[in-house]
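Letter by letter, the chains look like this.
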Protein chains: 2
Amino acid sequence: MATIYQVSEAAGVSLATVSRVMNGNARVSERTRKKVEDAMASLGYQPNAIAQSLASNRTNSVGLLVSELHGSYFGDLMSTVEQVLKQNGKHVIITAGHVDEKREHEAIEFLKSRRCDALILHAEAVSDEYLKQLVDGNIPVVVINRKVDDLNDNCFVVDNEQGGYLATQAAINAGHKNIGYISGPLFKKDASDRLSGHKRALEEAGIKFEETSMFEGDFHESAGQEGMLHLQKHYPKFTALVCANDEMASGAMTAAREAGFDIPEQLSIVGFDNVLFSRYLYPKLTTINNPIHAMGEMAAYWVLQHVYNIKSPIPIEHLFVPEVINRDTLGNL
Amino acid sequence: MATIYQVSEAAGVSLATVSRVMNGNARVSERTRKKVEDAMASLGYQPNAIAQSLASNRTNSVGLLVSELHGSYFGDLMSTVEQVLKQNGKHVIITAGHVDEKREHEAIEFLKSRRCDALILHAEAVSDEYLKQLVDGNIPVVVINRKVDDLNDNCFVVDNEQGGYLATQAAINAGHKNIGYISGPLFKKDASDRLSGHKRALEEAGIKFEETSMFEGDFHESAGQEGMLHLQKHYPKFTALVCANDEMASGAMTAAREAGFDIPEQLSIVGFDNVLFSRYLYPKLTTINNPIHAMGEMAAYWVLQHVYNIKSPIPIEHLFVPEVINRDTLGNL
DNA sequence: CTGTTAGCGCTTTCAT
DNA sequence: ATGAAAGCGCTAACAG
């Protein structure tokens, strides 16, 4: 691997000059620039980003923490963030926290140790305290899908409670009164918020919430199947099912079909997230749009603006509103 | 940010000693180790990975190139690779090439510039020549899902031709004679190999391949819908449909249902990949297992063994065999 | 077992 | 416009 030193020798100039043409900031005469560029080309020179980072204290990379590397939701998030950042010459270093406090912590420390210029975190397990500390530290941090008190300027969230409300309200408006609910793991804020919204909608409509009408899942497809089975047993009168995310809705749909239910004729289903595949299910899933794409984009723009002084093309906003996406799984009773 | 120098001062020892306790390789007396550890703790010291890398010429990170950051296939791959590597204390730096020669090239150069200790590439657009050069260079490289001549030891592939053959053979064995085919983009080797397998199975059964029986898609769900529409128009007699991947199969299923077909009573469908969600479709998709999980695992183990001298727990193999996963979308005629 | 001392490859003043 | 030189924070001989 050729180094800057060899380039400078081949070009007959100093290290500093080579560095200048690489970075294009200081002025260099046409002639020397040409000499240097030729030397770089003929040596196949490739700057060592590690050395550049150490010397400049800039890595041009931002760390992204997600919970998992698979799944539509995180796929969308990673894709979006990468796209915006790459367009602006920045790189993304992705790590997974697996919704485990220790592993999230380690992942964040890893990103810090790589001296990322900023952090975009979808952190679910780590404490508020830790996040606050992080923000107070010397590295810019934004948090996605989690509201931390006193950190509003760094948080990008969707109103999950409202989303849960809208989902159930949609079912109620379609005439349903016995509504099953498959929630996410309730230790997660988004899951419990969505459930709160569900209860609010019920209450508003004068429907009493029954414990047996609900099943706590883990946001995975298999939990949808389990939930479906559970509800058939303990709350057989339900005519509509609201699920706290699309994966579980998909699992529930499969289980329902296997149990012989026609959807939506005999059972209505509403999801949450509006993940890409939801429109490819059959019937197409009625769901709540979770603007994860917009949030990821916004987080990336925030970083560009605050860290790299690149003006965001859109105004920075922190609260995103969910909305009902009407498709084919919610039928009128 | 505390540096190693401050730690050494606080502990009253030299830089070298601090470095030693960090790396735990050379022997250090219990007492000094304790002093150093205390100093590190009280200063909240965190090693600068950038500086470590520069000095040691080791980054403990391996670069992973995928085509996209979303989608089940790449999600599986990323997850698997990360898991194996992380278990062994190595980190993964993920980049996306978007099946574009220039972008793949840039992504690889980025990984090289970050001085990854090794590269795991799912490269689709870059030339064989370039890959050979890379392997001959000074950085260990493995290639996933692509066979490059003279590079067999660095390639991990599934037999796509055989997979295509098996898919169509399964349909034939179920009594189908008029079989539609939705292929991937044929400039991709895996797509054209699968199509070759399809044709071989047809030929073997004495069925003539008709141009109108096939639609070239792009591996995305929407292409499944388009393909379905196309075939209904130009090859209406088909009773079975083989798709070159599960996403397109899913799209085709949706389109078929909308067109009023019962699956598999009126139309059988076979996919390819056995991506996670394929078992959550309704009916559950009959498909060909593409051992992407196994390949990713193997690639990671190869790297551990060849780069980090960590012995692989399983023998390294390069060719993976596809197999039929019988579920519910293939019916007997 | 511990300290001294060169670098790793680059950026960035400060001169010229 | 260009060069000299001092680091960035750490590792790795080499001494002792």
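Residues numbered from 1 in each chain as written. Chains lettered and ligands numbered in written order. Predicted model: local features only at pLDDT ≥ 70, side-chain atom pairs only at ≥ 80, totals over all residues. Heavy atoms only, no water.

1. Here's the deal with the overall build of chain A
For chain A, the count of helices and strands is twelve helices and twelve strands. Along the first, second and third principal axes, the C-alpha set of chain A runs to 85 × 40 × 35 Å. Counting all 333 residues of chain A, 57% fall into the buried class. The long-range share in chain A, meaning contacts at least 24 apart out of those at least 6 apart in sequence, stands at 67%. As displayed, chain A offers around 13900 Å² of accessible surface, 48% of which is attributable to carbon and sulfur atoms. The centroid of the 31 positive side-chain charges in chain A is displaced by 8 Å from the centroid of its 42 negative side-chain charges. (Helix = DSSP H or I, 4+ residues; strand = E, 2+ residues; numbered from the N terminus. Buried < 20%, exposed > 50% of the residue type's maximum accessible area, 1.4 Å probe, protein only. Contact = heavy atoms within 4.5 Å. Areas by Shrake-Rupley, 256 points an atom, 1.4 Å probe, with all protein chains shown as cover. Lys, Arg positive; Asp, Glu negative; His and termini not counted. Charge placed at Lys NZ, Arg CZ, Asp CG, Glu CD.)

2. Some words on the domain arrangement of chain A
Each assigned domain of chain A is listed here: domain 1 (4-47), domain 2 (59-157 + 295-308) and domain 3 (160-290). Computed over C-alpha atoms only, the centres of domain 1 of chain A and domain 3 of chain A are separated by 62 Å. (Domains from an automatic or database assignment.)

3. Re the protein's contact with DNA strand C
DNA strand C sits among 24 residues. The nearest are A:Ile4, A:Tyr45, B:Thr17, B:Arg20 and B:Arg27. At a separation of 2.2 Å, a base oxygen of DNA strand C approaches a polar side-chain atom of B:Arg20. B:Leu54 is positioned with one of its backbone polar atoms (N or O) 3.5 Å from a base oxygen of DNA strand C. Broken down by class, the residue content of the surface near DNA strand C amounts to eleven nonpolar, ten polar and three charged. (Near = heavy atom within 4 Å. Polar contact = N/O pair within 3.5 Å; in protein donor to acceptor, adjacent residues only side chain to side chain. Nonpolar A, V, L, I, M, F, W, Y, C, P; charged D, E, K, R; others polar.)

4. Considerations on the protein's contact with DNA strand D
Surrounding DNA strand D, one finds 24 residues, the nearest of these being A:Thr17, A:Arg20, B:Ile4, B:Ser19 and B:Tyr45. Here the atoms of DNA strand D within 4 Å of the protein split so that 65% fall in sugar or phosphate, with bases taking the remainder. Between a base oxygen of DNA strand D and a side-chain N or O atom of A:Arg20, the distance comes to 2.4 Å. In the model, a base oxygen of DNA strand D is placed 3.3 Å from a nitrogen or oxygen of the A:Ala55 main chain. Within the residue set of the surface near DNA strand D, elements represented by two or more residues are helix H2 (15-23) and helix H4 (49-56) of chain A together with helix H2 (15-23) and helix H4 (49-56) of chain B. Tallied by class, the residues present in the surface near DNA strand D amount to eleven nonpolar, ten polar and three charged.

5. Overview of helix H9 (residues 189-204) of chain B
Residues and elements named next belong to chain B. Look at H9: 22 Å from first C-alpha to last across 16 residues, which is about the 22 Å you get at 1.5 Å a residue. Turning to H9, its buried residues are Asp190, Ala191, Arg194, Leu195, Gly197, His198, Ala201 and Leu202. Projected onto a plane normal to the axis of H9, the buried residues spread over an arc of 155° and lie on a single side. In H9, the exposed residues that point more than 90 degrees away from the buried face are Lys189, Glu203 and Glu204. Its buried side turned inward, H9 meets helix H8 (160-173), strand S6 (179-183) and strand S7 (214-216). (Expected span 1.5 Å × (residues − 1). Arc of directions from axis to C-beta.)

6. Thoughts on the relation of the copies chain A and chain B
With an RMSD of 0.1 Å, the fit of chain A onto chain B corresponds to turning through 180° and sliding 0.0 Å along the axis. Here the symmetry operator amounts to a two-fold rotation axis. The fraction of interface residues of chain A whose copies in chain B are also interface residues reaches 100%, indicating that both copies meet through the same surface. (Least-squares fit on C-alpha atoms with pLDDT ≥ 70 in both.)

7. Observations concerning the interface of chain A and chain B
Size of an interface, as often reported, equals the accessible area lost when the parts are brought together. Contacts between chain A and chain B engage 44 residues on the former and 44 residues on the latter. Considering only the side of chain A, the residues that lose the most area to chain B are A:Ile50, A:Arg114 and A:Tyr280, jointly responsible for 16% of the buried surface there. At the surface where chain A touches chain B, the tally comes to two salt bridges. Inspection of the chain A/chain B interface yields 16 residue pairs in polar contact (both at pLDDT 80 or more). (Buried area = accessible area lost by both parts, 1.4 Å probe. Salt bridge = Lys/Arg side-chain N within 4 Å of Asp/Glu carboxyl O.)

8. Considerations on the packing of helix H1 (residues 4-11) of chain B against helix H3 (residues 30-43) of chain B
Residues and elements named next belong to chain B. Put simply, H1 and H3 touch, their axes get as near as 8 Å, and they point 125° apart. Relative to H3, the element H1 is oriented oblique. Seen from above, H1 lies across H3 with right-handed handedness. In this structure, H1 contributes Gln6, Val7, Ala10 and Ala11 to the contact, and H3 contributes Lys35, Val36, Ala39, Met40 and Leu43. (Axes fitted to C-alpha atoms, helices over the stretch in contact; angles between N-to-C directions. Parallel < 35°, antiparallel > 145°, perpendicular 65-115°, else oblique. Left-handed = near helix turned anticlockwise from the far one by under 90°.)

9. A closer look at the packing of aromatic side chains
Any aromatic ring pair is given by two values, namely how distant the centres are and how the planes are angled relative to each other. All names here are of chain B. Applying the stated rule across the entire model yields four aromatic pairs over all chains. Taking 5.0 Å as the distance between ring centres and 90° as the angle between the ring planes, the aromatic pair formed by Tyr73 and Phe74 counts as edge-to-face. Of the two residues examined, Tyr73 and Phe74, each falls in the buried class. Positioned above the aromatic ring of Tyr308 is the side chain of Lys90, whose terminal nitrogen or guanidinium carbon lies 4.2 Å from the ring centre. (Phe/Tyr/Trp six-rings, centres within 6.5 Å; stacked < 30°, edge-to-face > 60°. Lys NZ or Arg CZ within 6 Å of the ring centre and 35° of its normal.)

10. Focus: the UniProt feature "domain: HTH lacI-type" (unreviewed entry) in chain A
What UniProt calls "domain: HTH lacI-type" (unreviewed entry) maps, in this numbering, to residues 2-56 of chain A. For residues 2-56 of chain A, the helix share is 71%, the strand share is 0%, and the end-to-end C-alpha distance is 20 Å. (UniProt positions renumbered as here; feature names shortened; annotations may be inferred.)

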